[in-house]
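One-letter residues, chain by chain:
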Amino acid sequence: MKPGIHPAYGPVVFRDRAAGFAFLTRSTATSDTAVEWEDGRTYPVIDVEVSSASHPFYTGTQRIVDTAGRVERFERRYGSGRRGR
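Here's a quick rundown of the structure. Small disclaimer: the values here were computed from a predicted structure and weren't measured.

A word on the pairing of strand β4 (residues 42-48)
One face of the sheet, then the other: side chains in a regular strand alternate in exactly this way. Bridge analysis of strand β1 (residues 10-16) against β4 gives 4 bridges, and the strand direction is parallel. What sits directly across from Phe14, in β4, is Ile46. Pairing of strand β3 (residues 34-36) with β4, which is carried by 3 bridges, proceeds in the antiparallel orientation. In the strand pairing of β4, Glu36 is matched with Thr42. From the end of β3 to the start of β4, which pair antiparallel, there are 5 residues, and Gly40 there has a positive phi angle of about 90 degrees.

Given below as structure tokens:
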């Protein structure tokens, strides 16, 4: 790699506040805030809105959307002959 053209790559904590979940990894992302990790060291922390601890696909709380039923309900409510207006 060419020196001086790549961002610094170091340890960062990603924290999902909604789920109370955090993990330490390496990244080029930076932050002005820091948190003390389990090992006693202080690392930059980046708050994320969704992680594997809160995403419905990973938690098993995913809901299946009935798109066919929604289309039928729309056609019953508004009629299917209203196209082209």
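A few points about the sheet that holds β1
Spatial ordering of the open sheet is given by β2-β1-β4-β3, a layout of 4 strands whose pairing is mixed. Every other strand in the sheet has two partners, leaving β2 (21-27) and β3 as the edge strands with one partner each. Each adjacent strand pair in this sheet contributes to an overall mean axis angle of 45 degrees, direction not counted. Bridge count between β1 and β2: 7 bridges; the pairing is antiparallel.

A look at the side chain of Ser27
Residue placement: Ser27 occurs in strand β2. Exposure remark for Ser27: the relative accessible area of 15% places this residue in the buried category.

Quick word on the pattern of salt bridges
Per the stated rule, a full pass over the model turns up 2 salt bridges. The salt bridge involving Asp47 is made with Arg15; its shortest N-O contact spans 2.7 Å. On the criterion of sequence distance, the pair formed by Asp47 in strand β4 and Arg15 in strand β1 is long-range, its members being 32 residues apart. As a salt-bridge pair, Arg17 and Asp47 come within 3.6 Å of each other at their nearest N and O atoms. In this pair, Arg17 sits in the loop between β1 and β2 while Asp47 sits in strand β4, placing the two residues 30 residues apart along the sequence.

Some words on the side chain of Asp16
Relative to the assigned elements, Asp16 resides in strand β1. One buried charged residue, Asp16, forms no salt bridge at all, with the nearest opposite charge on Arg17 at 8.5 Å. If we skip the residues at most four places from it in the chain, Asp16 touches Phe21, Val48, Glu49, Val50, Ser51 and Ser54.

The rules behind each value
- Residues numbered from 1 in each chain as written.
- Predicted model: local features only at pLDDT ≥ 70, side-chain atom pairs only at ≥ 80, totals over all residues.
- Heavy atoms only, no water.
- Pairing = 2+ DSSP bridges.
- Helix = DSSP H or I, 4+ residues; strand = E, 2+ residues; numbered from the N terminus.
- Axes fitted to C-alpha atoms, helices over the stretch in contact; angles between N-to-C directions.
- Buried < 20%, exposed > 50% of the residue type's maximum accessible area, 1.4 Å probe, protein only.
- Salt bridge = Lys/Arg side-chain N within 4 Å of Asp/Glu carboxyl O.
- Lys, Arg positive; Asp, Glu negative; His and termini not counted.
- Contact = heavy atoms within 4.5 Å.

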